Amino acid sequence: KDPPFISTVAVSQLGLKTSLLDYITKWMQTYGICVLDRFLSEDEGLKILEEIKTLYNKGKFKAGQLVKGRGGGSSKEIRGDLIMWTDGTEPDCVSIGNLISKMDSIVMGCQGKSSEFTISGRTKAMLACYPGNGTQYVKHVDNPSCDGRRITCIYYLNKNWDSQINGGLLRIYPEGQDIVANIEPLFNRLLLFWSDRRNPHEVFPAYATRYAVTVWYFDEEERSKAKISA
Ligand SMILES: COc1ccc2cc(-c3cnc(C(=O)NCC(=O)O)c(O)c3)ccc2c1
Ligand SMILES: [Mn+2]
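Here the structure is a predicted model, which is why all the values come from computation and not from measurement.

Visitor: Would you mind going over the packing of aromatic side chains in detail, with residue names and values included?
Guide: The full count for this structure, using the stated rule, is seven aromatic pairs. Between the aromatic rings of tryptophan 85 and tryptophan 216, the centroid separation amounts to 6.2 Å while the plane-to-plane angle is 45°, which identifies the pairing as tilted. Of the two residues, tryptophan 85 is situated in strand β3 (residues 82-86) and tryptophan 216 in strand β12 (residues 210-219); the sequence distance between them amounts to 131 residues. Residue classification places tryptophan 216 among the buried positions, given a relative accessible area of 8%. By the ring-pair criterion, three or more aromatic residues cluster together here, those being Tyr23, Trp27 and Tyr31. Taking NZ or CZ as reference, lysine 159 lies 4.1 Å from the ring centre of phenylalanine 187, over its face. Taking NZ or CZ as reference, arginine 210 lies 5.1 Å from the ring centre of tyrosine 130, over its face.

Visitor: Got a sec to walk through the coordination of the manganese ion (ligand 2)? Specific residues and values, please.
Guide: Binding of the manganese ion (ligand 2) to the protein goes through His140 (NE2), Asp142 (OD) and His201 (NE2), at separations of 2.1 to 2.2 Å. Within one chain, the residues donating to the manganese ion (ligand 2) are spaced in sequence as H-x1-D-x58-H. You can see histidine 140 sitting in strand β6 (residues 135-140) and its partner histidine 201 sitting in strand β11 (residues 201-206), a full 61 residues away along the chain. Exposure class is identical for histidine 140 and histidine 201. Each is buried.

About the criteria used
Residues numbered from 1 in each chain as written. Chains lettered and ligands numbered in written order. Predicted model: local features only at pLDDT ≥ 70, side-chain atom pairs only at ≥ 80, totals over all residues. Heavy atoms only, no water. Phe/Tyr/Trp six-rings, centres within 6.5 Å; stacked < 30°, edge-to-face > 60°. Helix = DSSP H or I, 4+ residues; strand = E, 2+ residues; numbered from the N terminus. Buried < 20%, exposed > 50% of the residue type's maximum accessible area, 1.4 Å probe, protein only. Lys NZ or Arg CZ within 6 Å of the ring centre and 35° of its normal. Donors = N, O, S within 2.8 Å, 3.2 Å for Na, K, Ca; no water.

Written out as structure tokens, the structure is:
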């Protein structure tokens, strides 16, 4: 069952500037990717970072699932992130819960502004940590199999990050375009992109601890049709 989801009524009460929502819609329609810097206040961002570090240091993160390497059957490790799922209602996730509801209000605010924004729900939030020992995530598509996920929404928490030194760059290869998008996982940066085959992407090896919070938003129709995943 998908976690409860903000109602559109709440969005209008938030009184979000439609110019921001129009900006997001336009970027998503044109490039299928949108970057918003300084998404929250510095203080809110720092509170989220502290909550995540605390959870990580309590050993609450587990290795993301391994995907069998090609041939030989050996489970060649192609993922390096450690993850933890939360719906942001636990007592030690208050700021993370605030982030999730701000993500909801952004995505819901775009509802109906373009045919692609027919969002009916979302996953819980996935807290991810790349420990920084050269861990990476090879090129992949988040939703290659019509599982219902339409938008990938990632919030980065990495202070003074420089991919030239720390690695951990996210590179997106928008389908059918001869450009790539190089996205630094910078503190207080929100990234949205279509989760399907339009946006293959990879995370380059990270050489410093790299934190992110990801939520996937479901398309109503695709989600209702999706086989209930095992
Ligand atoms: C069924 O259990 C699980 C558990 C964890 C899962 C994690 C991912 C995932 C997908 N993409 C990325 C990514 O692209 N990150 C880009 C960035 O951090 O900049 C990432 O970090 C993690 C996908 C499927 C999963 C299924
Ligand atoms: Mn991904």
